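Architecture at a glance
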Amino acid sequence: MATAASAVVERAQKKQVVVEVAAPSRREFLYYIWGASIVLLLGEATAGLIWFALPRFKEGEFGGTFRFTGEDIPAAGDPPLAIPAGRFHVAHLEDDRLVTLYGVCTHLGCLPKWDEGTIRFRCPCHGSQFNGDGTWITGPAPRGLDRFRMTITFTDGEVITQETGAPVALNGREIASLAIDSSDKVIGPGQGVTL
Amino acid sequence: MSILPFPSFLDDIKDKGFKKAIFEGINEVVERSTAGMNIQDIREALRGEAPTRRPNPRLQPHADGFWLHMRPSYFHKDMTGLYPEFRLGWLSTYFVFFETITGLLLMVWYTPSPTVAYGDMLNILGNVPLGQLMRDLHRLGAEFMVLIVCLHMIRTFMTASYKKPRQFTWATGVILLLFTLLLSFTGYLLPWDQLALWAVTIGASMIEAAPPAIVGENLNLLVRGGPDIGANGLLRFYLAHVLLLPAFLFIFTGVHYYKVIVHAHSLPPQKENIGEDTAKRVPLDKRVYFIPDVLTSEMMWIAVTTFLLIVLCVWFYHAPLENHADPQITPLGTTAPWYFLWVQGALKLGDKVLWGIIFPTVLLVFFLVYPYLDTSASRRYADRRFGMSLCFALVSMITFMSYMGLPEYGVSTAPSTEIIYRMRHEPTHGAMGILLPVPFDQLAPGVYTTRQFEGTEEEADEIVAALNAELDSFSFQTLDADRNPQTTPLRDFISGQLGLTHSPVVGSSLRFSTVPAASPELIAVMEEFEHELEAEGEALHNAIGIIAISDVQGTLRRADVLIVWQEVELEGSKPVLDENGEPNPLFNEDGSPMMRIEEGHTFIHRDSSYYMK
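Residues numbered from 1 in each chain as written. Chains lettered and ligands numbered in written order. Predicted model: local features only at pLDDT ≥ 70, side-chain atom pairs only at ≥ 80, totals over all residues. Heavy atoms only, no water.

Moving on, we get to the overall build of chain B. On a plain count of helices and strands, chain B comes out with 19 helices and 10 strands. Taken over C-alpha atoms, the radius of gyration comes to 34 Å for chain B, far larger than the 25 Å a tight globule of 613 residues would show. Expressed as lengths along the three principal axes of its C-alpha atoms, the size of chain B is roughly 115 × 60 × 50 Å. Here chain B holds 613 residues, and the buried ones make up 47% of them. Sequence separation of 24 or more characterises 69% of the internal contacts of chain B that already satisfy a separation of 6 or more. When the accessible surface of chain B is split by element, carbon and sulfur atoms take 63% of a total near 30900 Å². Here chain B holds 45 positive side-chain charges and 67 negative ones, and the gap between their average locations is 21 Å. (Helix = DSSP H or I, 4+ residues; strand = E, 2+ residues; numbered from the N terminus. Rg over C-alpha atoms; globule rule 2.2 N^0.38 Å. Buried < 20%, exposed > 50% of the residue type's maximum accessible area, 1.4 Å probe, protein only. Contact = heavy atoms within 4.5 Å. Areas by Shrake-Rupley, 256 points an atom, 1.4 Å probe, with all protein chains shown as cover. Lys, Arg positive; Asp, Glu negative; His and termini not counted. Charge placed at Lys NZ, Arg CZ, Asp CG, Glu CD.)

Turning next to the sheet that holds strand S3 (residues 446-449) of chain B. All names here are of chain B. Taken in spatial order, the 4 strands of this open sheet run S3-S6-S7-S10, and their pairing is antiparallel. With one partner strand each, in any of the chains shown, S3 and strand S10 (595-605) form the two edges of the open sheet. Ignoring which end each strand starts from, the neighbouring axes of this sheet average 15 degrees apart. In this structure, strand S6 (residues 541-553) lies alongside strand S7 (residues 556-566), joined through 10 bridges in antiparallel fashion. The residue bridging glutamine 553 from the neighbouring strand is leucine 556, located in S7. Sheet contacts for helix H16 (residues 415-424): S6, S7 and S10; angle to S10, the most-contacted strand, approximately 15 degrees. (Pairing = 2+ DSSP bridges. Axes fitted to C-alpha atoms, helices over the stretch in contact; angles between N-to-C directions.)

All names here are of chain B. Applying the stated rule across the entire model yields 0 disulfides over all chains. You can see cysteine 150 has no disulfide; the closest cysteine sulfur is in cysteine 391, sitting 12 Å from it. Exposure remark for cysteine 150: the relative accessible area of 30% places this residue in the partly exposed category. (Disulfide = S-S within 2.5 Å.)

Within a pair of aromatic rings, the relevant descriptors are the distance that separates the centres and the angle that separates the planes. Taken as a whole, this structure holds 33 aromatic pairs over all chains when the rule is applied. Aromatic side chains A:Phe66 and A:Phe88 sit 5.1 Å apart centroid to centroid with 85 degrees between the ring planes, which places their arrangement in the edge-to-face category. With a gap of 22 residues between them, A:Phe66 in strand S1 (residues 65-69) and A:Phe88 in strand S3 (residues 88-92) connect regions that are remote in the sequence. Take A:Phe66 and A:Phe88: they sit in the same class, and that class is buried. Ring geometry for B:Phe95 against B:Phe98: centres 6.1 Å apart, planes inclined by 90 degrees, an arrangement best described as edge-to-face. Pair noted here: B:Phe95 and B:Phe98 are both in helix H5 (residues 88-107), with a separation of 3 residues, about one helical turn. The two residues B:Phe95 and B:Phe98 agree in class, both being buried. Grouped by ring-pair contacts, the aromatic residues B:Phe157, B:Tyr162, B:Trp170, B:Phe366, B:Phe367 and B:Tyr370 constitute a single cluster. The positively charged end of B:Arg287 is found above the aromatic ring belonging to B:Tyr74, 4.1 Å away from the centroid. Directly above the ring of B:Phe157 sits B:Arg384, whose terminal nitrogen or CZ lies 5.6 Å from the centroid. (Phe/Tyr/Trp six-rings, centres within 6.5 Å; stacked < 30°, edge-to-face > 60°. Lys NZ or Arg CZ within 6 Å of the ring centre and 35° of its normal.)

We now examine H5(B). The terminal C-alpha atoms of H5(B) lie 28 Å apart, and with 20 residues this matches the ideal 28 Å at 1.5 Å per residue to within 8%. Those residues of H5(B) that fall on the buried side of the exposure criterion are B:Leu88, B:Trp90, B:Leu91, B:Ser92, B:Tyr94, B:Phe95, B:Val96, B:Phe98, B:Glu99, B:Thr102, B:Gly103 and B:Leu106. (Expected span 1.5 Å × (residues − 1).)

The interface of chain B with chain A comprises 29 residues on the first partner and 28 residues on the second. Applying the counting rule to chain B against chain A returns 0 salt bridges. Joining chain B to chain A, the criterion identifies 2 residue pairs in polar contact (both at pLDDT 80 or more). Within the residue set of the side of chain B that touches chain A, elements represented by two or more residues are helix H9 (194-207), helix H10 (213-224) and helix H13 (341-347) of chain B. Classifying every residue of the side of chain B that touches chain A gives 12 nonpolar, 11 polar and 6 charged. (Salt bridge = Lys/Arg side-chain N within 4 Å of Asp/Glu carboxyl O. Polar contact = N/O pair within 3.5 Å; in protein donor to acceptor, adjacent residues only side chain to side chain. Nonpolar A, V, L, I, M, F, W, Y, C, P; charged D, E, K, R; others polar.)

Moving on: the confidence of the model for chain B. Residues and elements named next belong to chain B. Across chain B, the average pLDDT comes to 87, with 92% of residues at 70 or higher. Of all the helices and strands in chain B, strand S4 (residues 475-479) carries the lowest mean pLDDT, 62, while H5 carries the highest, 97. Taken together, the chains of this predicted complex give a pTM of 0.81 and an interface ipTM of 0.71. (pLDDT = per-residue confidence, 0-100.)

See the structure below:
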C-alpha cells in the first residue's frame, strides 16, 4: 500500500512539474536579437565569400565574350569554325543558319571532333555523335551539344540577340560582326530533337 | 648558505656530491618531459615489472601530458589482438599522419600552376633525391587510405559497433570517409597530366548536375574557378587539398577519436550480454596498460607498416604520370578514379541529377542516420540477419556499380577506333599501345599491311603483290569540297590520309611491302593487328590494316595506323546479320563498295625508352 501511495504521490508530483516560463526579460530578448544578427552576419559573410570566389570573365578568354567579323564566319555548309580558346564551334549550316556549339560532350565532358567525311561531330571517349547543328545522332550523350548565346550584327544594321542559343536563320544576309558569350551555356536539345 | 646569492644547482652539488646531483638533475628532466615518469619508472615498465610507486606513474602522462591526453591509459585485453578490429581504425589514423608528412615533403618541390606543375613532377621524379619514392608513397598511401577507411566502416557495421551509445561516433566516421574521398580526389589533379585533368573533369561534371540548375552551375564555377579547369581550378584544388580538407579532416579525426575514447572500444559482440555495453568497465585482470604494452606495440606497427609501404614503392609500385595535361585532347578510355567508379556506373543508369547527385547523397545520408534507425539491442551476428544482409547487399551493389563504371561496360566505341587505340595509344592507366615498345631499329620505313599475315609465310610476297595490283583498280566514293560524290582511287585516298608531307616514304605511288624479317617485333604487332581485325570481322568487312612508317627527322619516326573496310548495315553500333550470320555489306549507287577509313598516328623517337619498361 505504501509503495502504491508513494507512486501516486510521485505521479502527482510529476504532473506538477510544469515549467513556468516567464515572458522574456529585456536582457534575454536582446540576447536573442543579438544572436539573430550574428546569424544574419554569417549569412552575409557566406554570400560575400561566394561572390569573392566566383570567377570573373574577360573579353576574348574562355568564359568571356568573343567577337568575330563577317569574314571570320565560314561559308554555308563549310566545316564549323573551331575556336579552341573558347572551346566552341561556330557552325554555318548548309541551310544558311548559324549556331554556336559548346565543344564539350554532354556525356562526360570530353571533346568531340568534327569529322568532315561523315559530316558530324564524333566524341573520342564514348562514341557519341552529333550533327552540324549540335543535335544528337547516337551514343551515350543524354542530349545534343550545348550552345552559347550570340549577338549578330548584320551589314544592314539590324542586331539580333539570340537568347535561346537555337540556330539563327540568316536568310542570305551578310554578317558585319558576331559576339559570342561563352560564360553561360544553354542546355542543348534532347535526344531525337531536330531543329 | 648558498654559493650564489640564490639557491642553485651548485648547492645541490655541494650537498650531495657531483655524481648524485647530476643524476638527480637528469632524472628530474626526464620526469618533467614525460609528464610523470622518471628513469626508474621507465626502466620498470620496460622490464615488464609492476610499478613500485604510488600513485601509478604510468598513468601520469595520460593525466598531465599533452601527447597522451587523448589516449586511454589502458585497453581491454580482448581489443588488443587482430580481431575484432583488424587495426583498421588505427591504420586510418596512421595514414592521416603518413599522408601529411609525405605531402608536406612533396609541397617543398611543387608549385600549383599549369605552366610549372608538370615540370615540377618531372623534377621530383628525376632530380630530387628520394623524390620519386616520396611521390609513390604519398600516392600509394592515398589509395590505401581510401581502402582502409572503407574496410573500417564495413568492420564497424559487421560488429554493430555503431549501436547505442556509439551512434555519433559512426556519424563522424561517415564524415571522415567523405573527407578522405575528397582529399584523394583533389590530389588527383595536382600532377597536371592527362589522367589528372580528364578524370577530374569527369568528376567535376557531376557537381554541375546538382539541382536546381543555378546551384549546380555556380558550384561548378566555384570548384573549377572558371567554366573549365585551368590555372584557377588547379590552385583551388591545391588549396583544398593542402589546407581546407586537411583542416576538416584533423578536426573530425579529433571528434571521432574523442568519442571512441569516451565510449571505449566496443567489445566483440559475443563477449557481453545483449543490450549491455561493458566496454568502459574493464576488470583489473583484463587491463592492458598503454605504457608500455600498447605504446611499444604501436611503435612496432608504425615501423612494419612504413617498411611495407617502402618495399611496395621501391619494387612494386610507381605512381603513374601521363603526358602533360591537354585541355584540347581527351584520351580514349578516360575514367574517374577507382573509388568513384560506382558513381560513374550509376550515371549510366539514367538521369545525371538522379544518379549523379541524388543517389550518392541519399546513400550518404542513409549511412549517417543508420545507427539512429537501427535501434535493436543485440550486436550478435546471429540476431542481425537483416543488418548483415544489408551490408553484403550494399557491398555487392557498390562493387557491381564500380564494374558498371568501367569503360568496358555499356559504352560502345567503334571497333576501328578501339583497335587503332590499342595499337598506338600513349601510356595510360599503366598500359600503352602495342606499337610503342617496338625497338626503333625494327621500325623500318615502309607501308605494311595485315593482309600479308592472312596466308602462310611463303605466300606473303604473293598476297602483298596482289593487294598492290588490286589497289590500282580499287576506287570508291567520297564527298568533295562541295559535297558532291566523287570517285577516288583507294591508292589516292590512303596516300591522302597518310599525309604526304609527313610521309616522304609513301610518295605519290603507294606500294605495300612485306615486313622485313629483321623486324620480328613489328611482325608480332602486325599479326596481333590482323587478329584484332579478324575478331571484329563482322563490323569491319574485308578490312585491311595498314601500318606506314616514315622518317620525319633522323631520330624520329612516324607510324600511321589505318584501317580500311567496307561499310556494313548497322543497327545502333552492331552489324545486322542475315540468317547465315553474315553481315550485309553496303555499296554506293554506282555499285562500288562503300569504303570507310580510320587513321591514327604516333611518333617514336630513337631515345624513347618504351621498350625498356
